[in-house]
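Survey of secondary and tertiary structure
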Amino acid sequence: MPLPPLPRPDQVRLVVTDMDGTLLDPDGAVPDGLWPLLRRMHDAGIAFVPASGRQHATIAASFPAGVTPGHDELVIIAENGTLVTRGGVEVSSETLDRDAVTAVVHAVRGLGTSRDGGAVLAGKRGAYVERADARFVDHVRTYYRELEVVEDLLAVDDETLKVAVYDDVDSATGTLPALVHLRADHQVVVSSPHWIDVMPTGVTKGRGLRRLQAELGVTPAQTMVFGDYLNDIEMLDAAEWSFAMAGAHPDVLAHARHTAPSNAEHGVVQVLEALFAA
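Procedures and definitions
- Residues numbered from 1 in each chain as written.
- Predicted model: local features only at pLDDT ≥ 70, side-chain atom pairs only at ≥ 80, totals over all residues.
- Heavy atoms only, no water.
- Pairing = 2+ DSSP bridges.
- Helix = DSSP H or I, 4+ residues; strand = E, 2+ residues; numbered from the N terminus.
- Axes fitted to C-alpha atoms, helices over the stretch in contact; angles between N-to-C directions.
- Contact = heavy atoms within 4.5 Å.
- Buried < 20%, exposed > 50% of the residue type's maximum accessible area, 1.4 Å probe, protein only.
- Polar contact = N/O pair within 3.5 Å; in protein donor to acceptor, adjacent residues only side chain to side chain.

So, about the sheet that holds strand β10 (residues 186–192). Spatially, the six strands line up as an open sheet ordered β8-β7-β6-β9-β11-β10, and their pairing is mixed. Of all strands in the sheet, those with a lone pairing partner are β8 (147–149) and β10, marking the two edges. Between one strand axis and the next, the sheet turns by 25 degrees as a mean value, whatever way the strands run. Sheet topology places strand β6 (residues 117–123) next to strand β9 (residues 160–167); seven bridges connect them, and they run antiparallel. Note that in β9 the partner of Gly123 across the bridge is Thr160. Contacts from helix α4 (residues 98–111) reach β6, β9, β10 and β11 (195–200), with the element oriented near 15 degrees to β9. Packed on one face of the sheet, helix α5 (residues 134–141) meets β6, β7 (127–129), β8, β9 and β11 and runs near 160 degrees to β8.

It is worth spelling out the sheet that holds strand β13 (residues 241–245) at this point. Ordered by their spatial adjacency, five strands build an open sheet running β2-β1-β12-β13-β14, and the pairing between neighbours is parallel. A single partner strand is all that each edge strand has here, and the edge strands are β2 (47–50) and β14 (258–260). For this sheet the average axis-to-axis angle between neighbouring strands, irrespective of direction, equals 20 degrees. The pairing of strand β12 (residues 223–227) with β13 spans four bridges and is classified as parallel. Paired with Met224 across the bridge in β13 is Trp241.

The backbone of Asn80 sits at a positive phi, close to 60 degrees, despite the residue not being glycine. By the element assignment, Asn80 lies in the loop between β3 (75–78) and β4 (83–86). Under the relative-accessibility criterion, Asn80 is labelled buried at 1%. Of note in the backbone geometry, His266 takes a positive phi value of approximately 55 degrees without being a glycine.

Now for the side chain of Ser52. The topology assignment puts Ser52 in the loop between β2 and α3 (56–62). Ser52 sits in the buried class, given a relative accessible area of 2%. In this structure the side chain of Ser52 is engaged in a polar contact, spanning 2.8 Å, whose partner is the backbone nitrogen of Arg54. Excluding anything up to four places from it in sequence, Ser52 contacts Asp18, Met19, Asp20, Ile59, Ile77, Ala78, Glu79, Asn80 and Lys205.

Here you go:
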């Protein structure tokens, strides 16, 4: 896939990438080719920011100290923008009100056995589920490293960043109808073919990115963003150098200015390599 003419490295100050379906390969791993690029970005003064619906602890584990240049200043946009940190210190967070948490949990419980899924309460200290079977828990732990099985989600004592709902078949046609009524007062986002996130109104990865841009004094023209699914749209809109991955959701392709090779082809790595070759 031919890439568009790219800016010089000194014209970019921020590189932000979604994880699943974008940066990570189909096996869920960070491509080996990213690590030398992180060093080049760090040396060039370009901040690298992973942005995901995943839990903060899960994202951080993918970029450990010792192998991640600039780890002490690493910025992470976690839980679809509800939590932003820099060097492990909270920059901003937005939490879900108790009534919304209760409404989501009751809606998911009401689905009963009609859907193979469950709710994940994503808190600041960890994530919580009340479905305890190994198949479900093991799948959720892929995205939520700090995970606890509890008897009652509504009894959890933690600040709730979001409630994520898993649907084993199709989140948009299956679980979404049971949650769509919450859109009057809350953000309800289809974040992948199998996940829906319920968050405070207005919270998106894009809002988290814009706050970060303001704090760092970075403009959209100095920002490069990569994404593939609906929860990436607002983030792509915050950058002039916006890339949808090949095979991305059609609405994402429509919002992005450019297309990158797919995650299976390590498209983020290919674009960044071309950036430093420009």
